[in-house]
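Listed below, chain by chain, are the residues.
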Amino acid sequence: MSTSSFWKKHTGGESLVFHEHGNEARWYDAIGPNTRKWEMRLGSDLTTAKEYTVTEIGAGGTEVQGITAGIRATLTTNTDKWDEINIQLIGTPFQLAAGYPLYFGAKFAVDSATLSDFFVGLSATDTAILSAGADTLDIGGSALGFYALAGTTITSLTEIHASGSKTNTSDTVLTTNAMTYEFVWDGVDGVSFYHEGALVGRHTTYVPTVVLCPSIVIKAASAAARIASISWMRCIQLA
Amino acid sequence: MISSKYVNGALVYYDTYDYRWLHAVGPTVREWEMRFGCDFTTAMEYTVTAINTGGGTSTIAQGITAGDRALITTDDADNDSINLQVVGTPFQLASGHPLYFGAKVSINEATESDLLVGMATKDTTLIAAHALNVVDDGIYFYKLDHTTDIYGAYEKAGTVGATASGTAMDTSKHIYEIFYDGVGVISYYLDGGLVVQAASGYPTVVLSPSLFFATGSAAVKTCSAEWIRCIQL
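Residues numbered from 1 in each chain as written. Chains lettered and ligands numbered in written order. Predicted model: local features only at pLDDT ≥ 70, side-chain atom pairs only at ≥ 80, totals over all residues.

A. Examining the overall build of chain A more closely. Within chain A one finds 0 helices and 19 strands. The C-alpha radius of gyration of chain A comes to 17 Å, within 12% of the 18 Å expected for a compact globule of 239 residues. Counting only C-alpha atoms, chain A reaches 50 × 40 × 35 Å along its principal axes. Each of the 239 residues in chain A was classed as buried or not, and the buried ones make up 45%. Sequence separation of 24 or more characterises 61% of the internal contacts of chain A that already satisfy a separation of 6 or more. (Helix = DSSP H or I, 4+ residues; strand = E, 2+ residues; numbered from the N terminus. Rg over C-alpha atoms; globule rule 2.2 N^0.38 Å. Buried ≥ 20, exposed ≤ 12 C-beta atoms within 10 Å, placed from the backbone. Contact = placed C-beta atoms within 7 Å.)

B. Up close: the overall build of chain B. Assigned secondary structure in chain B consists of 0 helices and 21 strands. The C-alpha atoms of chain B give 17 Å as radius of gyration, which agrees with the globular expectation for 233 residues (17 Å, within 12%). Once the C-alpha set of chain B is aligned to its principal axes, its extents read approximately 55 × 35 × 30 Å. Looking at chain B as a whole, 46% of its 233 residues are labelled buried. The contacts in chain B between residues at least 6 apart in sequence include a share of 63% that link residues at least 24 apart.

C. Region of interest: the pairing of strand β10 (residues 99-107) of chain B. All names here are of chain B. Counting buried residues in β10 gives 8 out of 9 residues, a clear majority hidden from the surface. Pairing between β10 and strand β21 (residues 222-232): 9 bridges, direction antiparallel. Its bridge partner lying in β21, V105 is registered against A225. Bridge count between β10 and strand β17 (residues 174-180): 7 bridges; the pairing is antiparallel. (Pairing = 2+ DSSP bridges.)

D. A look at the interface of chain B and chain A. Counting residues at the interface gives 22 residues for chain B, matched by 22 residues for chain A. At the level of elements, β2 (10-15), β3 (21-25) and β21 of chain B are the ones that each hand at least two residues to the side of chain B that touches chain A. Residues that form the side of chain B that touches chain A fall into these classes: 9 nonpolar, 7 polar and 6 charged. (Nonpolar A, V, L, I, M, F, W, Y, C, P; charged D, E, K, R; others polar.)

E. Main features of the nonpolar core. By size, the foremost hydrophobic cluster in this structure holds 121 residues, and its most contacted members are A:F118, B:V117, B:Y140 and B:F213. Ignoring anything within four residues of it in the chain, the contact list for B:Y140 reads B:L116, B:V117, B:G118, B:M119, B:A120, B:A153 and B:S210. (Core = buried A, V, L, I, M, F, W, Y, C linked by C-beta atoms within 7 Å.)

F. The pairing of strand β2 (residues 13-20) of chain A, seen in detail. All names here are of chain A. In the sheet, strand β1 (residues 3-10) pairs with β2 via 8 bridges, with the strands oriented antiparallel. In the sheet register, T3 faces β2, and the bridge partner there is E20. The antiparallel hairpin formed by β1 and β2 contains 2 residues in its connecting segment. Where β2 lies against strand β3 (residues 23-31), 5 bridges are found, and the strand directions are antiparallel. Looking at β3, one finds that V17 is bridged to A30.

G. Local environment of the confidence of the model for chain B. Mean pLDDT over chain B: 97, with 100% of residues reaching 70 or higher. Overall fold confidence (pTM) sits at 0.95, and the ipTM for the predicted complex is 0.92. (pLDDT = per-residue confidence, 0-100.)

H. Focus on the sheet that holds strand β1 (residues 2-7) of chain B. Residue and element names in this part refer to chain B. Read across the sheet, 3 strands follow the order β1-β2-β3 without closing on themselves; strand pairing throughout is antiparallel. The two strands at the open ends of the sheet, each matched to only one other strand, are β1 and β3. Averaged over neighbouring strand pairs, the angle between their axes works out to 25° when direction is ignored. Pairing geometry for β1 and β2, over 6 bridges, is antiparallel. Looking across to β2, one finds that K5 is bridged to V12. (Axes fitted to C-alpha atoms, helices over the stretch in contact; angles between N-to-C directions.)

I. Highlighting the sheet that holds β1(A). Residue and element names in this part refer to chain A. Spatial strand order, β1-β2-β3: 3 strands in an open sheet with antiparallel pairing. Since the sheet does not close on itself, it has two edges, and those belong to β1 and β3, each with one partner. Averaged over all neighbouring strand pairs, the angle between strand axes comes to 40°, with direction disregarded.

J. Just the environment of B:D136, in detail. All names here are of chain B. For D136, the location among the structural elements is in the loop between β13 (131-132) and β14 (138-143). The exposure class assigned to D136 is partly exposed, which follows from the 14 C-beta atoms found within 10 Å. C-alpha separation for the pair D136 and I178, spaced 42 residues apart in sequence, amounts to 18 Å. Setting aside residues up to four positions removed in sequence, D136 forms contacts with T121, A157 and G158.

K. Main features of unusual backbone geometry. Non-glycine residue A:A162 carries a positive phi angle of around 65°. Locating A:A162 in the fold gives a position in the loop between β13 (155-160) and β14 (164-169). We note that B:D191 has phi near 50°; this positive angle belongs to a residue other than glycine. By the element assignment, B:D191 lies in the loop between β18 (186-190) and β19 (193-198).

L. Expanded view of the environment of A:S165. All names here are of chain A. Inspection of the secondary structure puts S165 in strand β14. Spatially, the C-alpha atom of S165 lies 30 Å from that of D29, the residues being 136 residues apart in sequence. Setting aside residues up to four positions removed in sequence, S165 forms contacts with L157, T158, E159 and Y206.

Structure follows, in structure tokens:
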């Protein structure tokens, strides 16, 4: 596995995108005049209201920098069923718009494939992306990303709040291994979702157009602490 | 169009103009860029000084508009402002060490406002009462209240050399760039157009990336930063 690059024309000009060799849907970095680039830092401050808005449903969870090689953050819920940690970057600097291609990717592991809920992706500001007291989504604004709800089925989602949503199901089931979740907005009309590098689906309906921020949510689906270990998480938009 | 070149042994990516540096890779590159999601709590990444002449509070927060990294919102009394500097002074104009500073910034009031963007010595009131107030040294662009004139300026030990850009401030995003060639000339560019070049009178002390914005009337005003970065080899 190595790194390649391509030139991408967009509304703001032309940018150089670094990607996985042979996989133009896995962006590593981009250089351009107005490139919007965010990546969870090693050593970032997970205290709420610093870099992230951290919301616990069921206080007593922890959000800490990783202590295992390659892990940037470890989220551990409290021990009651449906305890949850909802994390969003402060600010909403990303927006899907014509001429502004965007990549989002995250690699993380959960410690139970069947007794956890998660969401990862971009969302409008929302402190409860998953419902309190249930294994269900509760998108308060618009969002796109992946989720799993107390089971091993992984679903891609585009949702415009109060309008509707579209989903597709990954052929690969959730395990406790670190898995990669990615999507690419083509800057035209569609978002392609990839789980573990395989195309899950391309969504052209209910694609949000509001401002969004990188978001991740982990929830316990049983009366035990659930752990999410984030290897990396990044968003790159060409502008 | 993005291109690359080697400068002082470092790989420099630039856009459109030779001086518009985007990124550099090298053993001793000094590169700072305002981050998305950075912490604006004072004394963390930045020294944030809110000047509040009325009863409220001027603020700086992460951007909530697509592409914006920071949003300054003054309070509603004349001269209410935010003065922002990166904690630390890691940059210094010195022979053999070319430097690029750039910022893309907009303000929502072209006339009744003060703006300073660039680099300066440690200073918590870069503009005071609608007048330049940089204590010692800096390289920066500024505009003052009741005018739309944008100046490129260099200041050494309190002596300012300023040149009007000829471009009137408006509420659009503008790109402010300063390039020091590492030999002896410093150049100022506004939206890609040369404003002034100077071969003397610029500072040689340590400097910090800086942003100041004030309202020039009894009304809330805003300043949005899309990007600010500094690269030195």
